[in-house]
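Topology and contacts: notes
Each chain, letter by letter, is given below.
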Amino acid sequence: MIDFLMQFTFWVTWVLIVYYAIYNGVFLVVLLKGALEVSREVNWPSSMTLSEIFANPLTPGISIIVPAHNEESGIVDAVLALRNLRYPLTRIVVVDDGSTDETFQRLKDNFDLRPTSKVLAAVPQHEGKITELWATRSGDLTVVRKESVRLRSDAVNAGLRAADQEIVCMIDADSLLERDALLHIVAPFVADPTVLGVGGVIRPANGVTVSRGAVTKVQMPKKWVERIQVVEYLRAFLVGRTGWASIKGLMIISGAFGAFRRDAVLEVGGLDSTSLAEDADLVVAITKKARDEKRPYRIAFVAEPVCWTEVPNTFSALSTQRRRWSQGLGELIAKQRKMILNPRYGVLGMLTLPYFVLFEFYGPIFGVLGAFIALAGAITGLITWQLFALAFFVSVGLSLVSSLASVLIEESAYHRYSRLRDVVVLLMTTIVELMGFHLVHTWWRLQGVYRALFKRPSEWGTIERAGFEQEGPGHAPDDSPDQPQLQRETTADIAP
Amino acid sequence: MIPSIPAIPTIPGLAMALLLTTATVCGLLALIVVAERIIRTALAHREEKRRDRVRPHILTIVDGDTPATLPRRDRAALSRLVADTASQVRGEDREALTQWLIGQQFHRAHLRRMKSPFALTRARALDRFAPIAEHAPRSIERMLGDRDLRVRSLAAQVAGRSGMAALVPELLRRTEGTRVIPARIISMAVLRAAPSSIAEFGDTVTDSNHRVRALALDLAGQLNLVDARRAIEAGLDSPSADVRMASVRSIQRLGSPLSLAALKRMETQSPEELFHTEVVIHELTVG
């Protein structure tokens, strides 16, 4: 029996070592590619391109779809901020998704809305019935009022029907865009007619200071739960997604901010309202359709920090979000299982999806069981400490290297944190994340895996929103009447 | 005590060595992050001071005078500042600044870098060269055929921004062929270059390639080139639907009743063409 245990522990530890070596090895390659791409993007002369796009009458118009459910506190500011973006032709479509507060009334009072008989497109389908349609005289703002079915994707689909521009951009009502965000995100569409979707770098807005709808000061947030997410977003968005996009294997464009060709979205029927990972689902569906029809296509990623979004500021909210992401990933994998290891779907089918299946979805199982067996084996003497140290190196050591490299890339390329103190905190957070948070996170993800495998009902949580910190006296989030605590459904995503 | 299996019997100490290496790499990365911040802040501060020091010399250059002799690094900073300023001003001021840059041989280094094997280097050189691009149209024309799409697109933007109407035919021909430039970027560049006559389109309005011809006719209409009327009307007889539709759109934009006869003569080949043509005929007739 002891002999069996020794053999078992020994081989499980080796499986763990090989598993994490491949996992971190692949990610380090993606990270390297991402770093090269970020470096290229940052150094590429873009100011002329952006001003050309802004000044030109041929620049494609953008319909910005903003689903809003009980957003009375921030909706007016959000629309004003969108109107102030530097872009020649924007049409804002706010979808009032069954709000029971003053969301619509605030919009009506502030933007002189009037009923409109605008003809909506017949597709995509959505469940919640559209009750009213309002618009400004100039037509730059349309408000679609609909019954809520408690699904963001349903609201976006309703908004898509009112979107009439070549490009559609979906954002959350509490996302804050950089002033040139739309110019950045449209540049790939202009430069390459085969581009069907573009994502941008999203950063946690917790800790940043906002003035008149623009980020003016970037500091590390005060809570560790928020700081940890800053590191995660750096690693996943800034480097990870840039890297995946550079090898033509991008699978996710975040729901918080992404742009697509309207026709491409409509061809796949809009967002899948049954999916917990509707944003990834949309990208995969568009890629699949283009590949199936052998059409040239590209899903691009702009390695510029263009969008700031508020992330959960309590462990409870974060756990709900991460469980849902994990479950959403499982559902997506099950839905698109025919694409996995299918050469017809290129890098997405042969590398990205298998990577997400093996390491992102099933990762928590390996993480929890493997770590337990290896640690117990080392303590009881079933395996040598040397072997345990090797397992520790490939799992924790390489992860730490990738986190620190992400921080280095941020610091070299963008250096958005103005104080040296913030950079030091960022470095410390990489260690805290790996040593403590990683275990907890793995446990939450494991719960998501369980829910996906056993088809448990979807769980949509709420995030306590603290609002953005406003610049100047009398605008602190605690005493600002415009930024009270609000609750809303969290944005779907499947991995940071 | 349970006997352990010797895990790595052939490479003793490997795990410990790897752990130590990782720790060292992590420490180094952290150190580089902090050092990068400190060094960059110091360099930016120094560059800012240098720019403040040389900024008054710009007025001297604009006045047509020669600035005082400066140390090498200050001279380089002044060149960069003048290049930045030249792209933001127009008329005599711009001319004075670009002439000074040429006198400083500013273009030589950038022309050399525009032949670099690295696309990023070529793009950056092209961007820096932009303020004096109008003095070297052949170099920009060569960059329109660069092997990297983004560099070609950037060259098109430079051509448009510098008002290089002479490059319009070359720009339009880049719609098709081996080293193409996206049509939207070409259109932006041509509109920005703003040629004042159809003659500056060269033979692209009669090009055998229907995409080139269609784009040329479309842009002639967008630029309201009245002297393009006959070339546009000739497009109505093209076997290509793209060219015919471009001609119809341009006639609509020009709004000249003189084109009515040509429109009425046109043999439409699809319901869509017929519809658009009749709309334009109606508009021109009603006035």
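All of these numbers come straight from a predicted model, not from anything done at the bench.

Thresholds applied
- Residues numbered from 1 in each chain as written.
- Chains lettered and ligands numbered in written order.
- Predicted model: local features only at pLDDT ≥ 70, side-chain atom pairs only at ≥ 80, totals over all residues.
- Heavy atoms only, no water.
- Helix = DSSP H or I, 4+ residues; strand = E, 2+ residues; numbered from the N terminus.
- Rg over C-alpha atoms; globule rule 2.2 N^0.38 Å.
- Buried < 20%, exposed > 50% of the residue type's maximum accessible area, 1.4 Å probe, protein only.
- Contact = heavy atoms within 4.5 Å.
- Areas by Shrake-Rupley, 256 points an atom, 1.4 Å probe, with all protein chains shown as cover.
- Lys, Arg positive; Asp, Glu negative; His and termini not counted.
- Charge placed at Lys NZ, Arg CZ, Asp CG, Glu CD.
- Buried area = accessible area lost by both parts, 1.4 Å probe.
- Salt bridge = Lys/Arg side-chain N within 4 Å of Asp/Glu carboxyl O.
- Polar contact = N/O pair within 3.5 Å; in protein donor to acceptor, adjacent residues only side chain to side chain.
- Nonpolar A, V, L, I, M, F, W, Y, C, P; charged D, E, K, R; others polar.
- pLDDT = per-residue confidence, 0-100.
- Pairing = 2+ DSSP bridges.
- Axes fitted to C-alpha atoms, helices over the stretch in contact; angles between N-to-C directions.
- Phe/Tyr/Trp six-rings, centres within 6.5 Å; stacked < 30°, edge-to-face > 60°.
- Lys NZ or Arg CZ within 6 Å of the ring centre and 35° of its normal.
- Core = buried A, V, L, I, M, F, W, Y, C linked by side-chain atoms within 4.5 Å.
- Patch = residues over 30% accessible without salt bridge, like charges linked within 9 Å, V, L, I, M, F, W, Y side chains within 5 Å.
- Disulfide = S-S within 2.5 Å.

Remarks on the overall build of chain A
- Within chain A, the regular secondary structure consists of 14 helices and 15 strands.
- Since a compact globule built from 496 residues should have a radius of gyration of about 23 Å, the 23 Å found for chain A is in line with a globular shape.
- Dimensions of chain A, computed from the C-alpha atoms along their principal axes, are close to 80 × 55 × 45 Å.
- Relative to its 496 residues, chain A shows a buried fraction of 62%.

Thoughts on the overall build of chain B
- When helices and strands are counted, chain B shows 15 helices and zero strands.
- Relative to its 287 residues, chain B shows a buried fraction of 46%.
- Of all intrachain contacts in chain B linking residues separated by at least 6 positions in sequence, the fraction that spans at least 24 positions is 60%.
- Accessible surface, chain B: about 14,800 Å² in total, of which carbon and sulfur atoms supply 56%.
- Chain B carries 41 positive and 31 negative side-chain charges, and their two centres are separated by 10 Å.

So, the interface of chain B and chain A
- In this complex, chain B contributes 47 residues to the contact, which on the side of chain A involves 53 residues.
- Summing both sides of the interface, chain B and chain A together bury roughly 4,600 Å²; the carbon and sulfur share of this comes to 69%.
- For the interface between chain B and chain A, the tally reads seven salt bridges.
- Linking Glu 41 of chain A and Arg 150 of chain B is a salt bridge whose minimum nitrogen-to-oxygen distance equals 2.9 Å.
- Put simply, chain B and chain A have 11 residue pairs in polar contact (both at pLDDT 80 or more) between them.
- Of all elements in the fold, only α1 (14-54), α6 (119-129), α8 (149-161) and α10 (183-193) of chain B reach the threshold of two or more residues within the side of chain B that touches chain A.
- With 16 residues, α1 of chain B is the single largest residue contributor to the side of chain B that touches chain A.
- Within the side of chain B that touches chain A, the residues separate by chemical class into 31 nonpolar, six polar and 10 charged.

Comments concerning unusual backbone geometry
- Cis rather than trans, the peptide bond between Val 123 of chain A and Pro 124 of chain A has omega equal to 0°.
- Summarising the element assignment, Pro 124 of chain A is placed in the loop between β3 (114-115) and β4 (130-135).
- A positive phi angle, close to 60°, is found at Arg 150 of chain A, a residue other than glycine.
- Relative to the helices and strands, Arg 150 of chain A is located in the loop between β5 (141-146) and α5 (152-162).
- Given the relative accessible area of 49%, Arg 150 of chain A is considered partly exposed.
- Positive phi is not limited to glycine here, since Ala 194 of chain B has a value of about 50°.
- Inspection of the secondary structure assignment puts Ala 194 of chain B in the loop between α10 and α11 (210-222).
- Residue Ala 194 of chain B is classed as partly exposed on the basis of its relative accessible area, which comes to 43%.

Things to note about the confidence of the model for chain A
- Of the residues in chain A, 92% have a pLDDT of 70 or more, and the chain-wide mean is 85.
- Segment residues 474-496 of chain A: pLDDT under 50, and 83 contacts once partners within four positions in sequence are set aside and those in other chains are kept.

Side note on the sheet that holds β4 of chain A
Residues and elements named next belong to chain A.
- Taken in spatial order, the 10 strands of this open sheet run β3-β4-β5-β2-β1-β6-β11-β8-β12-β7, and their pairing is mixed. Of all the strands in the sheet, the pair left with one neighbour each is β3 and β7 (176-177).
- Bridge analysis of strand β8 (residues 195-204) against strand β12 (residues 298-309) gives nine bridges, and the strand direction is parallel. Within β12, the position partnered with Val 198 by the bridge is Ala 300.
- Each of β1 (62-68), β2 (90-97), β4 and β5 is contacted by helix α4 (residues 103-111), which is oriented at about 155° to β5, the strand it contacts most.
- Strands in contact with helix α6 (residues 181-191) are β1, β2, β6 (167-171), β7, β8, β11 (257-261) and β12; relative to β8, the strand with the most contacts, it is inclined by about 150°.

Some thoughts on the packing of aromatic side chains
- Tallied over the entire structure, the rule returns 18 aromatic pairs over all chains.
- Among the aromatic residues, those joined into a cluster by ring pairs are Tyr 19, Tyr 20, Tyr 23, Trp 244, Tyr 355, Phe 356, Phe 359 and Phe 366 of chain A.
- Its guanidinium or amino end placed over the ring of Trp 224 of chain A, Arg 227 of chain A lies 4.7 Å from that ring's centre, counting from NZ or CZ.
- For the cation-ring pair, Arg 150 of chain B lies above Trp 44 of chain A, with the distance from its terminal atom to the ring centre recorded as 4.4 Å.

A look at the pattern of salt bridges
Residues and elements named next belong to chain A.
- Under the definition given, this model contains 50 salt bridges over all chains.
- One salt bridge connects Asp 180 with Arg 86, and the closest N-O pair in it is separated by 3.1 Å. Residue Asp 180 is found in the loop between β7 and α6, and its partner Arg 86 is found in the loop between α3 (75-83) and β2; the two are separated by 94 residues along the sequence.
- Note that Asp 292 is salt-bridged to Arg 344, the shortest N-O span being 3.0 Å. Separated by 52 residues along the polypeptide, Asp 292 in helix α9 (residues 278-292) and Arg 344 in the loop between α10 (315-335) and α11 (346-361) bring together distant segments of the chain.

Comments concerning the confidence of the model for chain B
- For chain B, the average pLDDT comes to 88, and 95% of its residues sit at 70 or higher.
- Every residue in residues 1-5 of chain B is under pLDDT 50, and counting partners more than four places away or in other chains gives 16 contacts.

Section: the nonpolar core
- Membership of the largest hydrophobic core comes to 227 residues, with the highest contact counts inside it found for Val 94 and Phe 257 of chain A together with Leu 172 and Phe 201 of chain B.
- Ranked by residue count, the leading element in this core is helix α13 (residues 385-413) of chain A, at 17 residues.
- Residues contacting Val 94 of chain A, with those up to four places away along its chain left out, are Val 66, Ala 68, Ile 75, Val 79, Leu 107, Leu 141, Thr 142, Val 143 and Val 144 of chain A.
- Val 225, Leu 318, Phe 437 and Trp 444 of chain A belong to the second largest nonpolar core, which has five residues in total.

Brief notes about a nonpolar patch on the surface
- A surface patch of nonpolar side chains, about 470 Å² in accessible area, is lined by Trp 224, Leu 420, Val 424, Met 428 and Val 432 of chain A together with Ile 38 of chain B.
- It is helix α14 (residues 420-453) of chain A that contributes the most residues to the nonpolar patch, four residues altogether.
- Looking at the secondary structure, you find Val 432 of chain A in helix α14.

A short note on the environment of Ser 211 of chain A
- Along the chain, the position of Ser 211 of chain A falls in strand β9 (residues 208-211).
- For the pair Ser 211 of chain A and Val 149 of chain A, spaced 62 residues apart in sequence, the C-alpha to C-alpha distance is 34 Å.

Concerning a positive patch on the surface
All names here are of chain B.
- On the surface, Arg 46, Arg 72, Arg 73 and Arg 75 cluster together to form a positively charged patch.
- Here the element with the most residues in the positive patch is helix α3 (residues 72-86); it accounts for three residues.
- Within the element layout of this structure, Arg 72 appears in helix α3.

Describing the state of the cysteines
- In this structure the tally under the stated criterion is zero disulfides over all chains.
- No disulfide involves Cys 307 of chain A; its sulfur sits 8.6 Å from that of Cys 169 of chain A, the nearest cysteine.

Concerning a negative patch on the surface
- The grouping of Asp 63, Asp 65, Glu 92 and Asp 93 of chain B at the surface amounts to a negative patch.
- Structurally, the position occupied by Asp 65 of chain B is in the loop between α2 (56-62) and α3.

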